[in-house]
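# Summary of structural features
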Amino acid sequence: MRCDKIWTGARLATMAADAPGLGLVADGVVAARDGLILYVGPAADAPDLDAGETISCEGRWITPGLIDCHTHLIHAGDRSHEFELRLQGASYEEIARAGGGIASTVRATRQASEQDLVDAARLRIDALIAEGVTTVEIKSGYGLTTADEARMLRAARRLGRERSVRVATTFLGAHALPPEFVGDPDGYIDMICTQMLPAIASEGLADAVDAFCEGIGFTLEQTARVFDAAAAHGLPVKLHAEQLSNLHGAALAARYGALSADHLEHLDVAGVAAMARAGTVATLLPGAFYFVRETKLPPIASLRAAGVPIALATDCNPGTSPLTSLLLALNMGATLYRLTVEECLLAVTRNAARALGLSAQIGGLEAGKSCDLAIWDIERPAELVYRMGFNPLNARVWRGQ
Ligand code: DI6
Ligand code: FE
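A quick note: this is a predicted structure, and the numbers were derived from the prediction, not measured.

Attention shifts here to the coordination of the iron ion (ligand 2). Coordination of the iron ion (ligand 2) by the protein comes from His70 (NE2), His72 (NE2), His240 (NE2) and Asp315 (OD), over a distance range of 2.1 to 2.3 Å. The site at the iron ion (ligand 2) holds four donor atoms, and with the angles between them running 81 to 166°, its shape is irregular. Along the chain, the residues donating to the iron ion (ligand 2) are arranged with the sequence spacing H-x1-H-x167-H-x74-D. For His72, a relative accessible area of 2% gives the class buried.

Following this line, the structure appears as structure tokens:
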């Protein structure tokens, strides 16, 4: 069989949907043709492969390229000063009153050109790429006008063209109330549904639609209107739900067949059941939990018992999770949430792909999927979860390159 490249002498954690656990293969081979996996599995079962290039992995481990399925990577400005103020005892409220918080990121993002946004985010995406990440989701949500949101999403798409990484974009117009609409959140939701979303959809700038359903964000009713508009444009939805309080956002998201509901610290049993029925992924964001020193744990045992697929992501954002290490998010998933090694690794591969609606293309080493690989200098997959601040990536392959 003719192929472009073959990796031999590897130990594989395929994360394949039909394999038990991590889908381990002791003496494995991966063959790529035209950017896709042509064969993956035991060397002993491999067909006759006639490769342009053969790479010997010398016993290293290969996993699917990692997937960061929830980020706010595109933004301008700097909020490290707020962090300093908080360490000196200032409250969020005081900081917000002084013009800080999310509003300061919105101001800075509105002033930034598309080029500025790409330049600032490049450093962050490169940090992820250096850890074997091959797919990154990027949300808008700091522009809050049609033009500013569209510019954020164009910058995200451009980053994906500049770097060897797949970028999935999400329109998060309903992230915060812009200053122009103070006192009129329903007016802003009207504008999202009748102007912003149609414009963004017609330019093909978003792969999904998200909202921040929260006391300090938008209500259940407002979220439902955004979801209806998304459905009218054929876009799948996901939701920031139950992060600070329980508004029953996850159940609403499940009713709309959401790809994922994210954060979920305050999720209740009814929400878990609704997500299980709908097949909605629970995307957990331990970086935000850690950074805001949250103490309410998401209902991991209930999610596990109900068979809700769990994903982990960085939530990279300037306010509550300035995290650009998916490997550290793995460690936090285990340390803070007591997820098992297997759960953590599936959470940034197979389940993260599902949270993006990309299960057919990525998230597992399986014939026909994109040949996105992370090759690691480790002795056991558990090392990827166990270590803190250590990067054992040996090589990264995206679409067979
Ligand atoms: N949840 C959060 O924690 C952040 N946004 C969201 O939807 C906060 C974003 C920020 O402070 O910039
Ligand atoms: Fe977020």
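Turning to the sheet that holds strand β7 (residues 133-139), a few remarks are in order. If you trace the eight strands from one edge of the open sheet to the other, you get β6-β7-β8-β9-β10-β11-β12-β13, paired in parallel fashion. Edge strands, defined here as strands with exactly one partner in the open sheet, are β6 (66-68) and β13 (310-312). Mean inter-strand twist for the sheet, computed between neighbouring axes without regard to direction, equals 25°. For strand β8 (residues 166-174) and strand β9 (residues 208-213), the ladder comprises three bridges, and the chain directions are parallel. Residue pairing for β9: Thr170 is matched across the bridge by Ala208.

The next subject is the site of ligand 1. Surveying the vicinity of ligand 1 reveals the residues Arg79, Ile102, Tyr142, His175, Phe212, His240, Gln243, His263, Asn317, Gly319 and Thr320. Within the side chain of His175, one N or O atom sits 2.8 Å away from a nitrogen atom of ligand 1. Separating an oxygen atom of ligand 1 from a side-chain N or O atom of His240 is a distance of 3.4 Å. The fraction of the free accessible surface of ligand 1 (320 Å²) that becomes covered by protein chains is 93%. Cavity membership is defined here by more than half of the atoms lying within 2 Å of grid points; on that basis ligand 1 lies in the largest pocket. Here the residues of the shell around ligand 1 sort into three nonpolar, seven polar and one charged.

A word on the nonpolar core. Residues Ile74, Ile125, Ile138, Phe171, Leu264 and Leu330 are the most contacted members of the largest nonpolar core, which totals 93 residues. Top element by residues in this core is helix α6 (residues 185-202). It accounts for eight residues. In contact with Leu264, other than residues within four places in its own chain, are Ala241, Glu242, Gln243, Ala250, Met275, Ala282, Thr283, Leu284, Pro298 and Pro299. In this structure, Trp7, Ile37, Ile62 and Cys371 belong to the second largest nonpolar core, which totals 15 residues.

The next subject is empty space enclosed by the protein. Within the structure shown, the criterion is met by one cavity of 30 Å³ or more. In this structure, the largest cavity occupies an estimated 50 Å³ of space. Lining the largest cavity, in full, are Pro64, Gly65, Ile67, Thr134, Thr135, Gln361, Ile362, Gly363, Gly364, Ser370 and Asp372. Class assignment of the residues belonging to the lining of the largest cavity gives a composition of three nonpolar, seven polar and one charged.

The subject of this paragraph is the layout of surface pockets. Put simply, the largest pocket is a space of about 950 Å³. Along the walls of the largest pocket sit 34 residues, with Arg79, Gly101, Ile102, Phe212 and Ile216 positioned nearest its centre. Within the residue set of the lining of the largest pocket, elements represented by two or more residues are α2 (92-97) and α3 (102-111). Ranked by residues supplied to the lining of the largest pocket, first place goes to α3 with five residues.

Considering all chains together, one arrives at five aromatic pairs under this definition. With a centroid separation of 5.2 Å and an interplanar angle of 65°, the aromatic rings of Phe227 and Tyr256 are classed as edge-to-face. Taken together, the residues Phe227 in helix α7 (residues 220-232) and Tyr256 in the loop between α8 (249-255) and β11 (260-263) connect sequence positions 29 residues apart. On the accessibility criterion, Phe227 (1% relative accessible area) is buried. The exposure class assigned to Tyr256 is partly exposed, which follows from its relative accessible area of 29%. Of the aromatic side chains, those joined through ring pairs into one cluster are Phe181, Tyr188 and Phe218.

Basis of the calculations
- Residues numbered from 1 in each chain as written.
- Chains lettered and ligands numbered in written order.
- Predicted model: local features only at pLDDT ≥ 70, side-chain atom pairs only at ≥ 80, totals over all residues.
- Heavy atoms only, no water.
- Donors = N, O, S within 2.8 Å, 3.2 Å for Na, K, Ca; no water.
- Tetrahedral: all angles 85-135°; square planar, octahedral: opposite > 155°, others 65-115°.
- Buried < 20%, exposed > 50% of the residue type's maximum accessible area, 1.4 Å probe, protein only.
- Pairing = 2+ DSSP bridges.
- Helix = DSSP H or I, 4+ residues; strand = E, 2+ residues; numbered from the N terminus.
- Axes fitted to C-alpha atoms, helices over the stretch in contact; angles between N-to-C directions.
- Near = heavy atom within 4 Å.
- Polar contact = N/O pair within 3.5 Å; in protein donor to acceptor, adjacent residues only side chain to side chain.
- Areas by Shrake-Rupley, 256 points an atom, 1.4 Å probe, with all protein chains shown as cover.
- 1 Å grid on protein atoms, 1.4 Å probe; cavity = no way out; pocket = protein on both sides within 12 Å on 5 of 7 lines; lining within 4 Å.
- Sits in = over half its atoms within 2 Å of the grid points.
- Nonpolar A, V, L, I, M, F, W, Y, C, P; charged D, E, K, R; others polar.
- Core = buried A, V, L, I, M, F, W, Y, C linked by side-chain atoms within 4.5 Å.
- Contact = heavy atoms within 4.5 Å.
- Points joined across faces, edges and corners; volume = space filled by probe spheres on them.
- Phe/Tyr/Trp six-rings, centres within 6.5 Å; stacked < 30°, edge-to-face > 60°.

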